[in-house]
Amino acid sequence: MLLVRRVKNALLKCFHCNPTVMSILIALIILWMIFGSEPEFLEVTDNFLPFSKMDLATGRDRPFHPNCVNTQNYLLNSSYTKQNASFVMLTRNEELKDVIKTIHSIEEHFNQWFHYPYVFLNDQPFEEHFKAKVLDAAMGAHVEFGTIDEISWNFPSNVKDSFEFHNAIENQGDRSVLYGSMESYHKMCRFYSGLFYKHPLVQKFEWYWRLEPDVEFFCDITYDPFWEMFQNDKKYGFTIMIPELYWTVPNLFRHTKSFIRQEGVKLRSLWKLFTKDYDIFESDDADLRNWINSGVDARAKVSEKIAIEQLLKKGAESRSINDDKEGIMNLIKRARSKKHIVEDKFFNEEYNLCHFWSNFEIAQLSVFDNDIYNSFFQYLEKSGGFWKERWGDAPVHSLGLSLTLDLDDVHYFRDIGYRHSTIRHCPRNAVGNEEVNYAASDSRFERNNIVYDEGRDYGCGCRCICPKSKREIEDSVGFCVNIWFNLMKQHRGQERQADVLNGNEMEKSIREDYLKQFENQFF
Ligand SMILES: Nc1nc2c(ncn2[C@@H]2O[C@H](COP(=O)(O)OP(=O)(O)OP(=O)(O)O)[C@@H](O)[C@H]2O)c(=O)[nH]1
Ligand SMILES: *[C@@H]1O[C@H](CO)[C@@H](O)[C@H](O)[C@H]1NC(C)=O
Ligand SMILES: *[C@@H]1O[C@H](CO)[C@@H](O)[C@H](O)[C@H]1NC(C)=O
Ligand SMILES: [Mg+2]
């Protein structure tokens, strides 16, 4: 409430108002702060329906099957071929309980029918007890346990013993960057960013499905996602896409752009998903030039400037500010707003912070194990961002993938209900999904008297049981899904160019309108 007090003091100084007017104003300001301001990424959509109730299927990407599949028949289809694939999980001995939870969930909802093998990786050797319990839970699926060598796990020796290294990690703790002060977390992100796919046990396969301890699957996956991806020319699949916390990656995009320039990389259409096209705003006002990124921003920001300008002018003339709530609101809004990532605004591009949430991934190893991605990782490693900042493997993967993949190479597994930590995606069931019988492969997976959520329009889930308590990520942080959907609705290659806006003209016309509106009030 410091802000309120500051505004109040400022107002008292500027305008000699009486306390009643002041109280009303303060009350309005508080109401506005509670109801009027949602962080940008929480705005769901300007569409009428929440995303979770919309049909997001497009000609370019849709769930592989609109409904549950009869898995017994599916497996008998003579064209079906089991893929060269495995699950991959990095974990620690002490996470055994959570590892078992994950295995139970994926076995029950998918692997009881498909029997894909597992690869477990650790920077320490796995204990015998851990191995025995995991083998038991995996129900006969093949399991491999691997240790990660020191070179792959640790930072290079010239880095890891340096003062700068320890200082940087400590400093991120002081600044409360999420997980920034945990050295092991930095190692984990670096390993997943550029090294997991080099591990000899992972290299034995063409495809992988990444798992983590304590994740949960809510729906049955009654077909083979590897096979369907192969059949449909998809190379990378995700189930949750969200924006990254800005302070974990302030320089990631800048380094990515330098890499692109240095190597002369030809960007692919997936790049569009992660970069904000913004319009070029030409104006004599340097502040406006820095604040404005698009035509949509422009009108709002210019109006805001004019409202503030008029407010201050009236203050100077000692007139009543009673009728100028708009000016006050704008003054506060400007004081509260965060500057855009100006450093990243070169070549008309800015990272929108969206990324595929990489704790779930189904992909071909070659999307990472190729010359471009490998040298991208080496370049990032040299920049020091894995320790100077706390780059997550998710934004690194996403930006790196867009150097080699097109939008059409990526698949949204919207039908896979999934939870990791407190974030979850759970689709509405497909209409008629209960008509396809569930057939357990083993008595451990028998189900009795389970009532599944009713099928709904545009539902794509198979026998999902969605927890009621938590919010659907498509609706609570739908900003990235919206960008995905809008791109996938377009035809291949149909891309928008930056517009050049005449800021001075716009300002002049908005000012005229604004003044006219006041004249109308007075007469
Ligand atoms: N072997 C090993 N595995 C690790 C280490 N740090 C993280 N991991 C694994 O890497 C994955 C992600 O790490 P977490 O620390 O859980 O990160 P997170 O899931 O983003 O964060 P939480 O929401 O706090 O769980 C998990 O599968 C961990 O088991 C480590 O030092 N050694
Ligand atoms: C077998 O699979 C092919 C390709 O996936 C599909 O086109 C065909 O309809 C399937 N056949 C049956 C009987 O389901
Ligand atoms: C699976 O893929 C790996 C990596 O490409 C290869 O070395 C291996 O021979 C393949 N295995 C099978 C059974 O095709
Ligand atoms: Mg975790």
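About the criteria used
- Residues numbered from 1 in each chain as written.
- Chains lettered and ligands numbered in written order.
- Predicted model: local features only at pLDDT ≥ 70, side-chain atom pairs only at ≥ 80, totals over all residues.
- Heavy atoms only, no water.
- Helix = DSSP H or I, 4+ residues; strand = E, 2+ residues; numbered from the N terminus.
- Areas by Shrake-Rupley, 256 points an atom, 1.4 Å probe, with all protein chains shown as cover.
- Disulfide = S-S within 2.5 Å.
- Buried < 20%, exposed > 50% of the residue type's maximum accessible area, 1.4 Å probe, protein only.
- Core = buried A, V, L, I, M, F, W, Y, C linked by side-chain atoms within 4.5 Å.
- Phe/Tyr/Trp six-rings, centres within 6.5 Å; stacked < 30°, edge-to-face > 60°.
- Lys NZ or Arg CZ within 6 Å of the ring centre and 35° of its normal.
- Pairing = 2+ DSSP bridges.
- Axes fitted to C-alpha atoms, helices over the stretch in contact; angles between N-to-C directions.
- Near = heavy atom within 4 Å.
- Polar contact = N/O pair within 3.5 Å; in protein donor to acceptor, adjacent residues only side chain to side chain.
- Nonpolar A, V, L, I, M, F, W, Y, C, P; charged D, E, K, R; others polar.

(A) Representation of the overall build of the protein within the structure. A count of helices and strands for the protein gives 21 helices and 16 strands. Entry remark: accessible area of the protein is about 25,200 Å², with carbon and sulfur atoms responsible for 52%.

(B) Up close: the state of the cysteines. This model, assessed by the stated rule, comprises four disulfides. Disulfide pairing is shown between cysteine 68 and cysteine 462; the S-S distance is 2.0 Å. Torsion about the S-S bond of the cysteine 68 and cysteine 462 cystine: about 105°, corresponding to right-handed handedness. Here cysteine 68, found in the loop between helix 2 (19-36) and helix 3 (71-76), pairs with cysteine 462, found in the loop between strand 15 (423-425) and helix 19 (473-476); they are 394 residues apart in sequence, far enough to count as distant. Both residues of the pair, cysteine 68 and cysteine 462, belong to the buried class. Two residues share a disulfide in this structure: cysteine 219 and cysteine 464, whose sulfurs sit 2.1 Å from each other.

(C) Representation of the nonpolar core. Counting residues in each nonpolar core, the largest one holds 68 residues, and the members touching the most others are Leu121, Tyr236, Leu270, Leu273, Phe356, Phe368 and Trp484. Within the second largest apolar cluster, 47 residues are counted, among which are Ile100, Phe120, Val143 and Phe413.

(D) Structural detail: the packing of aromatic side chains. Counted under the stated rule, the structure contains 54 aromatic pairs. Look at tyrosine 246 and tryptophan 247: their rings are 4.6 Å apart centre to centre, the planes differ by 80°, and that puts the pair in the edge-to-face class. Judged by relative accessible area, tyrosine 246 falls into the buried class, the value being 13%. The ring of phenylalanine 155 carries the charged tip of arginine 190 above its face, separated from the ring centre by 5.4 Å. Over the aromatic face of tyrosine 192 sits the side chain of arginine 210, whose NZ or CZ is 3.3 Å from the ring centroid.

(E) Representation of the sheet that holds strand 12 (residues 361-364) in the model. Read from one edge of the open sheet, seven strands run 3-2-1-4-12-6-13, paired in mixed fashion. Edge strands, defined here as strands with exactly one partner in the open sheet, are strand 3 (143-147) and strand 13 (410-412). Direction aside, the axes of adjacent strands within the sheet are offset by 20° on average. Relative to strand 3, strand 2 (residues 118-122) runs parallel, the two sharing five bridges.

(F) Representation of the site of ligand 1 within the structure. Near ligand 1, the surroundings consist of 15 residues, among which Leu90, Glu95, Asn122, Asp123 and Tyr179 are the closest. In this structure, an oxygen atom belonging to ligand 1 sits 2.4 Å away from a side-chain N or O atom of glutamate 95. At a separation of 2.9 Å, an oxygen atom of ligand 1 approaches a polar side-chain atom of tyrosine 185. For ligand 1, whose free accessible area comes to 620 Å², the fraction covered by protein is 81%. Counting residues per element, the shell around ligand 1 draws most heavily on helix 9 (residues 183-194), at three residues. Here the shell around ligand 1 is built from residues that sort into six nonpolar, five polar and four charged.

Everything listed is a geometric property; what it means functionally is a separate question.
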